[in-house]
Amino acid sequence: MNPNLGQDDTIAAIATPAGVGSIGVIRVSGNHAISIVSQVFKGKLQEFESHTVHHGEIIDPSTDYLIDEALVLVMKGPRSYTGEDVVEIQSHGNPALLQKILSVLITCGARLAQPGEFTRRAFLAGKMDLAQAEAVMELIAAQSNAAQAMALNQLRGKLSAKIDSVKEEILSLLSQIEASIDFTEQGIDLCSYGEIVARIDRPYQSICELLSRYEEGKQIREGRSVVIVGRPNVGKSSIMNYLLGEDRAIVTPIPGTTRDTLEERLNLQGHIIKIIDTAGMRDTTDSIEQEGVRRGEGALKRADIALFVLDVSEPIHLEDITLWDKITCKKKIIILNKIDLPSRIYIEAIHTKYPTDPVVLLSAATGEGMDDLKNKLVALIATKEESEPPHISLLRHKNALERAKHAMNRALQLAIEALRGVDFVRPSEGRGGIERETNRPPHWVDEFLAADLREALDALGEIVGKITTDDILDQIFNQFCIVK
Ligand SMILES: Nc1nc2c(ncn2[C@@H]2O[C@H](COP(=O)(O)OP(=O)(O)OP(=O)(O)O)[C@@H](O)[C@H]2O)c(=O)[nH]1
Ligand SMILES: [Mg+2]
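Note on numbering: residues in each chain are counted from 1, in written sequence order. All chains are assigned letters beginning at A, and all ligands numbers beginning at 1, according to the order in which they are written. In keeping with the predicted nature of the model, local features appear solely for residues at pLDDT of at least 70, side-chain atom pairs appear and are counted solely at 80 or more, and the whole-chain, interface and lining totals rest on all residues. Working from all heavy atoms in the structure, the side-chain values ignore hydrogens and water.

Caption draft 1: Just the overall build of the chain, in detail. A count of helices and strands for the chain gives 17 helices and 13 strands. A burial count over the chain gives 48% of its 484 residues as buried. Across the chain, every contact between residues at least 6 apart in sequence was considered, and the portion connecting residues at least 24 apart equals 70%. Summed over its atoms, the accessible surface of the chain is roughly 23,400 Å², and 52% of this surface lies on carbon and sulfur atoms. A run of H or I in DSSP counts as a helix once it spans at least four residues, and a run of E counts as a strand once it spans at least two, with each numbered from the N terminus. Residue exposure (1.4 Å probe, protein chains only): buried if accessible area is under 20% of the type maximum, exposed if over 50%, otherwise partly exposed. Contact between two residues is taken to exist if any of their heavy atoms lie within 4.5 Å; hydrogens are not considered. Areas reported here follow the Shrake-Rupley algorithm with a probe of radius 1.4 Å; residue values treat only the protein chains shown as occluding.

Printed below as a string of structure tokens:
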């Protein structure tokens, strides 16, 4: 944020999207929000109770000119989004009118809000942590039900709660190790290395679990990519067109019609997917087609889900089998297309050969089997947002978790080595028990362990914003739309 712009300023912005609407909302936040709006609103705003709505006239105080009739909502801090006094003006949704009200408010002492400044203030006031603030932006941008559910979970603190519980475990171990360091001279052990290993491993596993959900979280956020592959002429482009409901790709009876990959976005029962049609895969000497096949193979490698299309009206080709071996994505559907024609494939054999992959009998010509294809596709895409642990979908969170994971792994390896060392020099029975202080690894082991645990805590703290620099805050909040 521009360092010349003060945190104490009262800020204002139009909250509703650009364009004409039946109503438009202007939001004002800051210590002087009520006194500034009082100058443009005819009515005793100062005396209104918090969280009440009032009808009145909005005027230009320099001329007394009536601008509009509006509803005004008063929310006094700290019980407001930003924690400060907030006033919202609901006027008619004419963009010129809204601009006029905004400029009058600015003349009266408000400042135009920077992108993300309302949410930044909410974060600085402790109304939400950083992961929740980011969730506000994610929720505004979410394009599918699943992405909305994921952002809402994050906003409601599910990710933050998980991070906090992992931090709590690490912190309690760290404080015990630090106490151990202080008592080393007296030969007092506060916990054994066996226990330390177990207590590092638990949060370490939780971090790994969170990281393992990143790819899926990213796919939910950005939409999954679904690639249609098969040898030439099996009906890939026809399937793409049917799913899109339009003649997007060229379809002809000539094998090798599609030359380039073709991408479109599609909303399938509330799930956004990126569907990609590819050139038919075959060995060819045509250099344009070769490039098309190469691009198709690249799309197949990057895709989350593959739709592998076979033509039932022809026997299985060698090209079908070669292509099958190239499909490495975990999720796939086998489509047996052209079932309106006499079948020359023994369908049972497909089920037997690929027992775990869903198979759809389809006709892109008549539409038969399309609902089955959509349902099977949605079943592959759908995730249970309530399941543990929460998804992470932002690169910033992934990077921080990776740093935490490395630090925890270092600590884990060191603790395991220390544990082995104690076992190797265990004194013989019957000589007064185990003299642990003489067999303990050197004191620096505990100091290194403490340093690694602290590093992991710092990295986790960055996610929820306990340890954050102004630069990081700028990077995050600058991505917001102004009014949030
Ligand atoms: N009878 C019948 N014909 C189909 C069906 N699906 C596609 N076709 C026909 O099969 C031919 C090839 O269809 P496309 O959709 O172009 O096949 P493609 O796999 O995209 O082919 P390339 O782009 O060459 O790789 C066209 O003549 C389609 O009309 C189907 O379900 N039944
Ligand atoms: Mg095609």
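Next, the rest of the story.
Caption draft 2: Just the coordination of the magnesium ion (ligand 2), in detail. Here the magnesium ion (ligand 2) is held by the protein donor atoms Ser237 (OG) and Thr258 (OG1), which lie 2.0 to 2.1 Å from it. Here the residue Ser237 occupies a position in helix α9 (residues 236–244), and Thr258 occupies one in the loop between α9 and β9 (262–268), the gap between them amounting to 21 residues. Assigned by exposure class, Ser237 and Thr258 land together as buried. Note that water is not among the atoms used; donors are N, O and S atoms within 2.8 Å of the metal (3.2 Å for Na, K and Ca), so sites may look incomplete.

Caption draft 3: Structural detail: the pattern of salt bridges. Salt bridges are defined as contacts in which a side-chain nitrogen from Lys or Arg sits within 4 Å of a carboxyl oxygen from Asp or Glu. As enumerated under the stated definition, the model contains 27 salt bridges in all. Linking Glu88 and Arg27 is a salt bridge whose minimum nitrogen-to-oxygen distance equals 3.2 Å. Residue Glu88 is located in strand β6 (residues 86–93), and its partner Arg27 is located in strand β2 (residues 21–29); the two are separated by 61 residues in the primary sequence. Summarising the burial analysis for this pair, Glu88 and Arg27 share the class buried. Its salt-bridge partner being Glu138, residue Arg221 comes within 2.6 Å of it at the nearest N-O pair. Within this pair, whereas Arg221 is found in helix α8 (residues 214–222), its partner Glu138 is found in helix α4 (residues 130–141), the two being separated by 83 residues in sequence.

Caption draft 4: The arrangement of the nonpolar core in detail. Formed by 39 residues in total, the largest nonpolar core has its most connected members in Ile196, Ile200, Leu401, Leu449 and Leu453. When residues of this core are traced back to their parent elements, those giving at least two are α6 (158–183), α7 (193–212), α14 (395–424) and α16 (444–464). When near neighbours in sequence (up to four residues on either side) are disregarded, Leu401 contacts Ile163, Ile207, Leu210, Leu211, Ile392, Leu460 and Ile463. Joining through side-chain atoms within 4.5 Å is the link that ties buried Ala, Val, Leu, Ile, Met, Phe, Trp, Tyr and Cys residues into a set, and such a set is a nonpolar core. Counting residues in each nonpolar core, the second largest holds 26 residues, with Ala33, Val87, Leu97 and Ile101 among its members.

Caption draft 5: Spotlight on the packing of aromatic side chains. Centres within 6.5 Å make a pair out of two Phe, Tyr or Trp rings, where for Trp the six-membered ring is used; the pair is then stacked when the planes are under 30 degrees apart, edge-to-face when over 60, and tilted otherwise. Inspection of every chain in the model, using the stated rule, returns four aromatic pairs. Measuring from centroid to centroid gives 6.4 Å for Phe41 and Phe48, while their planes differ by 70°, and the two rings are edge-to-face. In this pair, the class of Phe41 matches that of Phe48, namely buried. Both rings, one in Phe308 and one in Trp324, keep their centres 5.2 Å apart while their planes meet at 55°; by these two values the pair is tilted. Within this pair, whereas Phe308 is found in strand β11 (residues 305–311), its partner Trp324 is found in helix α11 (residues 318–326), the two being separated by 16 residues in sequence. An aromatic cluster is built from Phe308, Trp324 and Tyr354, whose rings are joined through pairwise contacts. Stacked on the ring of Phe118, the Lys or Arg Arg27 has its end atom at 5.3 Å from the ring centre. We call a charge positioned above a ring when the Lys NZ or Arg CZ atom is no farther than 6 Å from the ring centre and deviates by at most 35 degrees from the ring normal.

All we've got here are geometric facts, nothing functional implied.
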